[in-house]
Amino acid sequence: MIEIIGVRFKRVGKIYYFDPEGKKYAAGDNVIVETARGVEMGEVALANRLVEEESVVMPLRPIIRRATDKDFEKLIENRKKEKEAFDICLKKIEEHNLEMKLIDVEYTFDCGKILFYFTADGRVDFRELVKSLAAVFRTRIELRQIGVRDEAKMLGGLGVCGLELCCKRFLSDFEPVSIKMAKEQGLSLNPAKISGTCGRLMCCLKYEQETYEHLLKYTPKVNAIVQTPDGRGVVVENNLLTGKVKVNLDDDEGDIYHIYDASELVIIRDADITLTPEEIEELKKLEDDE
């Protein structure tokens, strides 16, 4: 076992492990640490604890010190510099006539590097832009192309539910979301209804997927052949949450349907939930990260 503390550098960013070197830290404490990109100020998200050494990437970097009032003053000063750098970068992008959208600017705590985050439809040759920015700021410059999900996380906003975007509010990592999830949950495959502000599949499709997968084990799917109390039939519709299943019996003539509880049915041959080639083609862009 090895003692660690967990530090995050953004409100809902990833948590990184550091070596407390025997000192005690509480959640919410602000600390100065050295990271791969320079000296940074972060907030303790996980207080001192022991974890399996195999779960940690060694060697751990040590905590430099607790943050002081002067450190907070410097952080405020850096935020002002970031706004100025954002405006300057916008002008430089226009001067170089580059097809890119500037999203955010970050100074490392020690001002040893400035990171410019942007989105673009394809690859962008920004070498000349980097030279121009380096000439202005006289420090290391890094331009980082991000995806539309990261853009939404950085900028924030409101979802169709009326609440702040999950990625901005509490999601520290993006989990894979697929079109098949939407189909298994019986949702309309209308892109406007299942995509989020970022234009990709809504992250909340992942939240209830485990429950739907459990219910699908006990509920016959559409087109399944089942034995009902009134005879054999084919499932034409189901409601996983209520457990109600609509069946067209073999003896029925025309569109006559009977509704049963899933517990009343015996599955003779279940069906698969699949996407048609047309659905795959139409919705492919929603599933791709970029």
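Structural notes, computed from the coordinates. Small disclaimer: the values here were computed from a predicted structure and weren't measured.

1. What about the environment of Ile194?
- Checked against the element boundaries, Ile194 lands in helix α6 (residues 191-194).
- Separated by 92 residues in sequence, Ile194 and Leu286 have C-alpha atoms that sit 8.8 Å apart.
- Those residues in contact with Ile194, other than ones at most four positions away along the chain, are Ile179, Ala182, Leu187, Ser188, Leu189, Arg200, Leu201, Met202, Leu205 and Leu286.

2. Describing the pattern of salt bridges
- Taken as a whole and judged by the stated rule, the model has 20 salt bridges.
- In this structure, Glu184 and Lys180 form a salt bridge, with 3.9 Å as the shortest nitrogen-oxygen distance. On the criterion of helical spacing, the pair formed by Glu184 and Lys180 is a turn pair, its members being four residues apart in helix α5 (residues 179-184).
- A single salt-bridge network, built from bridges that share partners, covers Lys10, Arg37, Glu40 and Glu106.

3. Notes on the sheet that holds strand β8 (residues 140-145)
- Taken together, three strands build an open sheet; the order of strands is β6-β7-β8 and the sheet is mixed. Both outer strands of the open sheet, β6 (101-107) and β8, are each paired with one neighbouring strand and no more. When strand polarity is set aside, the average angle formed by the axes of neighbouring strands in this sheet is 20°.
- Across six bridges, the pairing between strand β7 (residues 113-119) and β8 is parallel. Paired with Phe118 across the bridge in β8 is Gln145.
- Packing against the sheet, helix α3 (residues 148-155) makes contact with β6 and β7, and its axis sits at approximately 60° to β6.

What counts as what
- Residues numbered from 1 in each chain as written.
- Predicted model: local features only at pLDDT ≥ 70, side-chain atom pairs only at ≥ 80, totals over all residues.
- Heavy atoms only, no water.
- Helix = DSSP H or I, 4+ residues; strand = E, 2+ residues; numbered from the N terminus.
- Contact = heavy atoms within 4.5 Å.
- Salt bridge = Lys/Arg side-chain N within 4 Å of Asp/Glu carboxyl O.
- Pairing = 2+ DSSP bridges.
- Axes fitted to C-alpha atoms, helices over the stretch in contact; angles between N-to-C directions.

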